[in-house]
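Structure at a glance
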Amino acid sequence: MEPKPPLLIVRPRLSFWVESGGPANFNAVPQAVQEDCFQSALCYDRTGREWPILKVQFRKRPSSFRAALPLRVPVKVSLGVPRVTSLEEVLENLHGVLLRDSEFVDSLRDPEDLRSRLARAKSLEEVIQIAAQQSS
């Protein structure tokens with residue numbers, strides 16, 4: 001069983017983003033892989049399942065030159081056993097990110113509007129759409 005894209009990735013209390021493809025199509029900047037930025041990250045799909053991200057590694061190790069650039073490269077993602085989660089739990093994880101004073105929150109267009117739109121979301125699919133609009 002694989003998550004159904006698009007996928008919401010949440011690093012509790014740190015950041016979130018949306019991946020349009022499945023785990024076989026994930027890309028990441030080399031620094032994120034090298035610094036284990038996926039540690040404790042969770043992957044949510046629109047069906048209400050949560051997969052812990054266990055490991056992320058390069059599909060092909062980038063050259064030292066390319067690794068120094070902020071360009072995304074293909075990565076292999078290993079997911080743990082999925083569990084059913086609730087809309088409330090996902091929103092709680094997102095609000096944990098949005099309520100912090102951080103560089104990530106500072107990079108968002110309008111964090112207050114985002115919090116408001118997420119609070120009105122009626123489904124996980126809607127939450128993922130809202131999060132995707134924020135990062136596009």
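Residues numbered from 1 in each chain as written. Predicted model: local features only at pLDDT ≥ 70, side-chain atom pairs only at ≥ 80, totals over all residues. Heavy atoms only, no water.

1. Some details on the nonpolar core
With 21 residues, the main nonpolar core has L8, F16, L94, L118 and V127 as its most contacted residues. When residues of this core are traced back to their parent elements, those giving at least two are β1 (7-11), β2 (15-19), β4 (42-44), α3 (87-98), α5 (111-120) and α6 (124-135). If one sorts the elements of this core by residue count, α3 sits on top with six residues. Those residues in contact with V127 that lie beyond four places of it in its chain are L8, L87, V90, L91, L94, L118 and A121. Ranked by size, the runner-up nonpolar core spans 18 residues in total, among them L7, F38, A41 and V77. (Core = buried A, V, L, I, M, F, W, Y, C linked by side-chain atoms within 4.5 Å. Buried < 20%, exposed > 50% of the residue type's maximum accessible area, 1.4 Å probe, protein only. Helix = DSSP H or I, 4+ residues; strand = E, 2+ residues; numbered from the N terminus. Contact = heavy atoms within 4.5 Å.)

2. A word on the pattern of salt bridges
In this structure the tally under the stated criterion is six salt bridges. Across the pair E89 and R83 runs a salt bridge, and its minimum N-O distance is 2.2 Å. Classification of R83 by relative accessible area gives partly exposed; the value is 36%. Close ionic contact of R117 with D113 constitutes a salt bridge, the shortest N to O distance being 3.0 Å. You can see R117 and its partner D113 sitting in helix α5, four residues apart, about one turn around the helix. A relative accessible area of 18% means that R117 is categorised as buried. For D113, a relative accessible area of 33% corresponds to the partly exposed category. In the salt-bridge network here, residues are joined through shared partners; they are E50, R83 and E89. (Salt bridge = Lys/Arg side-chain N within 4 Å of Asp/Glu carboxyl O.)

3. Some details on the confidence of the model for the chain
Summing up the model confidence of the chain, the mean pLDDT is 90 and the portion of residues at 70 or higher is 99%. Averaged pLDDT values over the elements of the chain bottom out at 76 in helix α2 (residues 64-67) and peak at 97 in β4. (pLDDT = per-residue confidence, 0-100.)

4. Describing the pairing of strand β5 (residues 49-58)
Of the strand pairs in this sheet, β4 and β5 are connected by three bridges, and their pairing is antiparallel. Bridge pairing in β5 places Y44 opposite E50. Once β4 ends, the chain turns through four residues before running back antiparallel as β5, passing G48 with a positive phi of about 90°. Where β5 and strand β7 (residues 83-84) come together, two bridges link them in antiparallel fashion. Paired with E50 across the bridge in β7 is R83. One ladder, built from five bridges, connects β5 with strand β6 (residues 73-79); its direction is antiparallel. By the bridge assignment, F58 is partnered in β6 with V75. (Pairing = 2+ DSSP bridges.)

5. A short note on the layout of surface pockets
Empty space within the largest pocket amounts to approximately 470 Å³. Lining the largest pocket we find 19 residues, and of these S15, F16, W17, R72 and F104 sit closest to its centre. Mapped by element, the contributors of at least two residues to the lining of the largest pocket are β2, β3 (27-28), α1 (30-34), α4 (103-107) and α6. Broken down by element, the lining of the largest pocket gets its largest block of residues, four residues, from β2. Looking at side-chain class alone, the lining of the largest pocket contains nine nonpolar, six polar and four charged residues. (1 Å grid on protein atoms, 1.4 Å probe; cavity = no way out; pocket = protein on both sides within 12 Å on 5 of 7 lines; lining within 4 Å. Points joined across faces, edges and corners; volume = space filled by probe spheres on them. Nonpolar A, V, L, I, M, F, W, Y, C, P; charged D, E, K, R; others polar.)

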